[in-house]
Amino acid sequence: MSGPGEEAGGTGAATDPRSSDPKLRGRTYAIPFEKVWTRALHLAGGGIPRWHVLRADDRPGVILAVSKSALRRHPSDVRITVGLDANGQTRVDLRARTRDGKGGLRRNVRCIDTFLRHLDLQLEARQGLILDDANPSHWRD
């Protein structure tokens, strides 16, 4: 059985707002969709070394990308979703799965964490712009 954020088989990882691992909680931003989408697309398209986009469609808010590990260049397929949550805030979630089964869960958690940290920097997401999904009461009206 898989743990939170982990896909069956142990070679993949995915974000979940309730994950016990802070690296796998995804992001909810108080930043407009278009800005988040544009920056996410830039990062997945080479803004992060060894990343490239396979396909992207802003209507469903999906970016399909490949990320290669630094040392051995093992590829992971990454699905990035950018959309609006129930409160109209921009939500970003990722799912990463190693193609060749090498590197496993840790590799994919690092892949997700790297993307989210770069996205935070690109968006200049300071305190108050990244919303805490574990405690949404502080940002709801």
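Please refer to the structure higher up on the page.
Residues numbered from 1 in each chain as written. Predicted model: local features only at pLDDT ≥ 70, side-chain atom pairs only at ≥ 80, totals over all residues. Heavy atoms only, no water.

*Asks:* Would you take a moment to explain the overall build of the protein chain for this structure?
*Replies:* The number of helices and strands found in the protein chain is two helices and seven strands. Order of helices (α) and strands (β) in the protein chain, N terminus to C terminus: β-β-α-β-β-β-β-α-β. In the protein chain, buried positions account for 42% of the 141 residues. Partitioning the intrachain contacts of the protein chain with sequence separation of at least 6 by distance along the chain shows that 53% fall at a separation of at least 24. (Helix = DSSP H or I, 4+ residues; strand = E, 2+ residues; numbered from the N terminus. Buried < 20%, exposed > 50% of the residue type's maximum accessible area, 1.4 Å probe, protein only. Contact = heavy atoms within 4.5 Å.)

*Asks:* Just checking my understanding: could you explain the pattern of salt bridges for this structure?
*Replies:* Here the idea is simple: oppositely charged side chains can pair when their charged atoms come close. By the definition in use, this model includes five salt bridges. For aspartate 16, the salt bridge identified is with arginine 18, shortest N-O distance 3.5 Å. Arginine 99 is paired through a salt bridge with aspartate 77; the nearest N and O atoms lie 2.9 Å apart. Of this pair, arginine 99 sits in the loop between β6 (90-98) and α2 (104-122) while aspartate 77 sits in strand β5 (residues 75-84); the two residues are 22 residues apart in sequence, bridging distant segments of the chain. On the accessibility criterion, aspartate 77 (31% relative accessible area) is partly exposed. (Salt bridge = Lys/Arg side-chain N within 4 Å of Asp/Glu carboxyl O.)

*Asks:* Please explain the packing of helix α1 (residues 33-47) against α2 as it appears in this structure.
*Replies:* A packed helix pair is summarised by two numbers, namely the angle formed by the two axes and the spacing between the axes. Interhelical geometry of α1 versus α2 gives an angle of 130° and a closest axis separation of 10 Å. Our classification of the angle between α1 and α2 gives oblique. Here α1 runs over α2; the crossing is right-handed. Here Val36, Arg39, Ala40, His42, Leu43 and Ala44 of α1 come into contact with α2, specifically with Phe115, His118, Leu119 and Gln122. Of the residues in the contact of α1 with α2, the class split is six nonpolar, three polar and one charged. (Axes fitted to C-alpha atoms, helices over the stretch in contact; angles between N-to-C directions. Parallel < 35°, antiparallel > 145°, perpendicular 65-115°, else oblique. Left-handed = near helix turned anticlockwise from the far one by under 90°. Nonpolar A, V, L, I, M, F, W, Y, C, P; charged D, E, K, R; others polar.)

*Asks:* What is the right way to look at the packing of aromatic side chains in this model?
*Replies:* Given two aromatic rings, their pairing is described by the distance between the two centres and the angle made by the two planes. Summed over all chains, the structure comprises two aromatic pairs. When the centroid spacing of 5.4 Å and the interplanar angle of 35° are considered together, the rings of tryptophan 51 and phenylalanine 115 count as tilted. Here phenylalanine 115 lies in helix α2 and tryptophan 51 lies in strand β3 (residues 51-57), a separation of 64 residues in the sequence. Here tryptophan 51 matches phenylalanine 115 in class, with each residue buried. (Phe/Tyr/Trp six-rings, centres within 6.5 Å; stacked < 30°, edge-to-face > 60°.)

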